[in-house]
Amino acid sequence: MDFNTKLVKESVEQIATLLSDLMVGYVQEEEKVGIGDIEQGMRQILQEVGRQALGQVLEKSDQVEPSIRCQCQHKANYRCRREGMVISVFGRVRYRRSYYLCDHCRSGTKPLDNRLKIKPGEISQGLKPLLALLGIQTSFDEAAELAKAFLLLDISDNSIRQAVQWVGQKQQARERKWKSSVIGAIT
Ligand SMILES: [Zn+2]
């Protein structure tokens, strides 16, 4: 994404002005407020802004068609908009996207999830490497505490485990690829 466009700069300025007005009000009301409180308050608001905005981005990116082509090559008809949830760097994001059902093979498809590589109910691609990094450094329950402190997220030990396993699988795939390219070069 290009952050140097006029539109992005102006939008960021507008968001910053709104946020600073909110925070100045808070500083004036509270007597014993320090910069740490302001920082923490701003992080929480920005996190919530990100969470709501990401949900809106997902919903606005969903295109509703009367029908689409199923992977079995038959027609899958639009049924409804179904709610999904993904655990992102901004927290749990709920969104609605179109759902299609194929009359031929009876399988259901949600094109938005496929297009944006979302696995509903799971950790997002943006969050996974960060949790894996924490989970590799320390125990899963301590990593969950670090996720709370650094990312402001309530994450289960199990999600940390999944993220670490995902990195392990990626590493194995990379090694297999490397081995086969080496074998390919010498045979
Ligand atoms: Zn089908």
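Conventions used here
Residues numbered from 1 in each chain as written. Predicted model: local features only at pLDDT ≥ 70, side-chain atom pairs only at ≥ 80, totals over all residues. Domains from an automatic or database assignment. Contact = placed C-beta atoms within 7 Å. Helix = DSSP H or I, 4+ residues; strand = E, 2+ residues; numbered from the N terminus. Expected span 1.5 Å × (residues − 1). Buried ≥ 20, exposed ≤ 12 C-beta atoms within 10 Å, placed from the backbone. Pairing = 2+ DSSP bridges. Axes fitted to C-alpha atoms, helices over the stretch in contact; angles between N-to-C directions. Parallel < 35°, antiparallel > 145°, perpendicular 65-115°, else oblique. Left-handed = near helix turned anticlockwise from the far one by under 90°. Nonpolar A, V, L, I, M, F, W, Y, C, P; charged D, E, K, R; others polar.

Examining the domain arrangement of the chain
Reports of interface size often rely on the accessible area that becomes lost once the parts have come together. Taken as a whole, the chain is organised into domain 1 (34-122) and domain 2 (127-187). Each partner contributes residues to the interface: domain 1 has seven residues there, and domain 2 has six residues. Counting only elements with at least two residues in the side of domain 1 that touches domain 2, the list comes to helix H2 (35-61) and strand E2 (75-88). Here the side of domain 1 that touches domain 2 takes three residues from H2, the largest share from any one element.

Some points on helix H1 (residues 6-29)
For H1, built from 24 residues, the straight-helix expectation of 34 Å at 1.5 Å per residue is met to within 8% by its first-to-last C-alpha distance of 35 Å. Of all 24 residues making up H1, only zero are buried, and the element is barely covered by its neighbours.

A look at the pairing of strand E3 (residues 91-102)
Note: E2 against E3, 12 bridges, orientation antiparallel. The partner of Gly-84 across the bridge, within E3, is Tyr-95. Taking the residues between adjacent antiparallel strands as the criterion, E2 and E3 are bridged by two residues. With two bridges joining them, E3 and strand E4 (residues 108-109) adopt antiparallel strand pairing. When the sheet's bridge partners are listed, Leu-101 is paired in E4 with Gly-108. Here E3 hands over to E4 after five residues, with Arg-106 in that stretch at a positive phi of 65°.

Some details on the packing of helix H4 (residues 128-137) against helix H5 (residues 140-151)
Across the interface, H4 lies against H5 with an axial gap of 8 Å and an inter-helix angle of 130°. Accordingly, the angle class assigned to the pair H4 and H5 is oblique. The handedness of the crossing between H4 and H5 comes out as right-handed. Along its contact with H4, which presents Leu-130, Leu-131, Leu-134 and Gly-135, the element H5 presents Phe-140, Ala-143, Leu-146, Ala-147 and Leu-151. Looking at the contact of H4 with H5 residue by residue, the class counts come to eight nonpolar, one polar and no charged.

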